[in-house]
Amino acid sequence: MILKKGVSPVIATVLLLVLTIVAVSILAAFVVTFVNNSLKNSKECFNELANIRFDDKTGYNCHATNDLEEKRTGFSVRIDGTEIVGFQVTLFSQGIANSYRIEKDAKSSLIRMLDKNFETELEVPDRGGLRTYVADGEYDRIEANPLLRNGALCDTGETIEIDSCLDQNVIDKLFFD
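Engineer: Would you take a moment to explain unusual backbone geometry for this structure?
Structural biologist: A negative phi holds for most residues other than glycine; trans holds for most peptide bonds. Here Asp 115, not a glycine, exhibits a phi torsion of approximately 70°, which is positive. Within the secondary structure, Asp 115 sits in the loop between strand E6 (111-113) and strand E7 (129-136). Exposure remark for Asp 115: the relative accessible area of 40% places this residue in the partly exposed category. A positive phi angle is found at Glu 119, which is not glycine, with a value near 70°. Within the secondary structure, Glu 119 is located in the loop between E6 and E7.

So, in structure tokens, the structure goes:
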């Protein structure tokens, strides 16, 4: 006759406790690191949100259609923060959103600088600077989210509603190619 011995209840309880503590420790290491990184980026973004804005004084925050039925939208962005090295612009039209990064050496076939051609380098405003962009198409809302020096892209940013252009000089510049 073979005697079967099992693990005593005390040892089983100790093993379960050790296993639980190890699992919680491993999980906590990942969660704490993730939360710390998220909070750091959130704090940096929060500090820079007021440092990017659309400038209404230029008169270029508008959209227009020319005689050939081509549509263009202009927008002017001012950056005042030292940590902002670019931004993501999201163009909204009838519920559809398209996002583009505007940063050093970026080019786009759908966004250009005012008085420059599409597919030329896009410029990011220096601290205290202003740049005006032209998007191919008609958009009713634009959002600009800061891109920070540390590589973080902020989840929130400046938003502007876009109306029709009223100034013929502005309309002419939007269609410069």
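So, next bit.
Engineer: Would you explain the pairing of strand E3 (residues 71-79) in this entry?
Structural biologist: Side chains on a regular strand alternate between the two faces of the sheet. Extensive coverage of E3 is indicated by the burial of eight of its nine residues. Pairing geometry for strand E1 (residues 52-54) and E3, over three bridges, is antiparallel. Along E3, the bridge assignment pairs Arg 53 with Arg 78. Pairing analysis gives four bridges linking strand E2 (residues 62-65) to E3, with the strands arranged antiparallel. In the sheet register, Ala 64 faces E3, and the bridge partner there is Arg 72. Joining the antiparallel neighbours E2 and E3 is a turn of five residues, in which Glu 69 adopts a positive phi near 70°. Across eight bridges, E3 lies against E7 in antiparallel orientation. Across the sheet, the residue bridging to Val 77 is Arg 131, located in E7.

Engineer: Which parts of the structure should I look at to understand the packing of aromatic side chains?
Structural biologist: Describing an aromatic ring pair means giving the distance of the ring centres and the angle of the ring planes. Counting across every chain of the model gives three aromatic pairs. Seen in terms of ring centroids, Phe 75 and Tyr 133 are 5.4 Å apart; in terms of plane orientation they differ by 25°. Their pairing is stacked. Of this pair, Phe 75 sits in strand E3 while Tyr 133 sits in strand E7, placing them 58 residues apart in sequence. Judged by relative accessible area, Tyr 133 falls into the buried class, the value being 0%. With 5.8 Å between their ring centres and 80° between their planes, Phe 87 and Tyr 133 make a pair best called edge-to-face. Within this pair, whereas Phe 87 is found in strand E4 (residues 84-93), its partner Tyr 133 is found in strand E7, the two being separated by 46 residues in sequence. In textbook terms, an aromatic cluster arises when at least three aromatic residues are bridged by ring pairs, as seen for Phe 54, Phe 75, Phe 87 and Tyr 133. In this arrangement the basic side chain of Arg 141 is found over the ring face of Phe 92, its NZ or CZ atom lying 3.8 Å from the centre.

Engineer: Which parts of the structure should I look at to understand the environment of Ile 11?
Structural biologist: Mapped onto the secondary structure, Ile 11 falls in helix H1 (residues 9-48). Sequence-wise, Ile 11 and Ile 96 are 85 residues apart; in three dimensions their C-alpha atoms are separated by 61 Å.

Engineer: Hey, could you run me through the sheet that holds strand E9 (residues 158-161) in this one?
Structural biologist: Hydrogen bonds along the backbone pair up the strands of a sheet, which may run parallel or antiparallel. Across the sheet, four strands lie side by side as E5-E4-E8-E9; this open sheet has antiparallel pairing. Every other strand in the sheet has two partners, leaving strand E5 (96-103) and E9 as the edge strands with one partner each. Strand-to-strand, the axes of this sheet are offset by a mean angle of 20°, without reference to chain direction. Alignment of E4 against E5, held across eight bridges, turns out to be antiparallel. Bridged to Phe 92 within E5 is Ala 97.

Engineer: Hey, could you run me through the confidence of the model for the protein chain in this one?
Structural biologist: Fine structural detail should not be taken from predicted coordinates in areas where pLDDT scores are low. Of the residues in the protein chain, 91% reach a pLDDT of 70 or more, and the chain-wide mean stands at 88. When pLDDT is averaged over each helix and strand of the protein chain, the minimum, 78, is found for H1 and the maximum, 96, for E3.

Rules behind the numbers
- Residues numbered from 1 in each chain as written.
- Predicted model: local features only at pLDDT ≥ 70, side-chain atom pairs only at ≥ 80, totals over all residues.
- Heavy atoms only, no water.
- Helix = DSSP H or I, 4+ residues; strand = E, 2+ residues; numbered from the N terminus.
- Buried < 20%, exposed > 50% of the residue type's maximum accessible area, 1.4 Å probe, protein only.
- Pairing = 2+ DSSP bridges.
- Phe/Tyr/Trp six-rings, centres within 6.5 Å; stacked < 30°, edge-to-face > 60°.
- Lys NZ or Arg CZ within 6 Å of the ring centre and 35° of its normal.
- Axes fitted to C-alpha atoms, helices over the stretch in contact; angles between N-to-C directions.
- pLDDT = per-residue confidence, 0-100.

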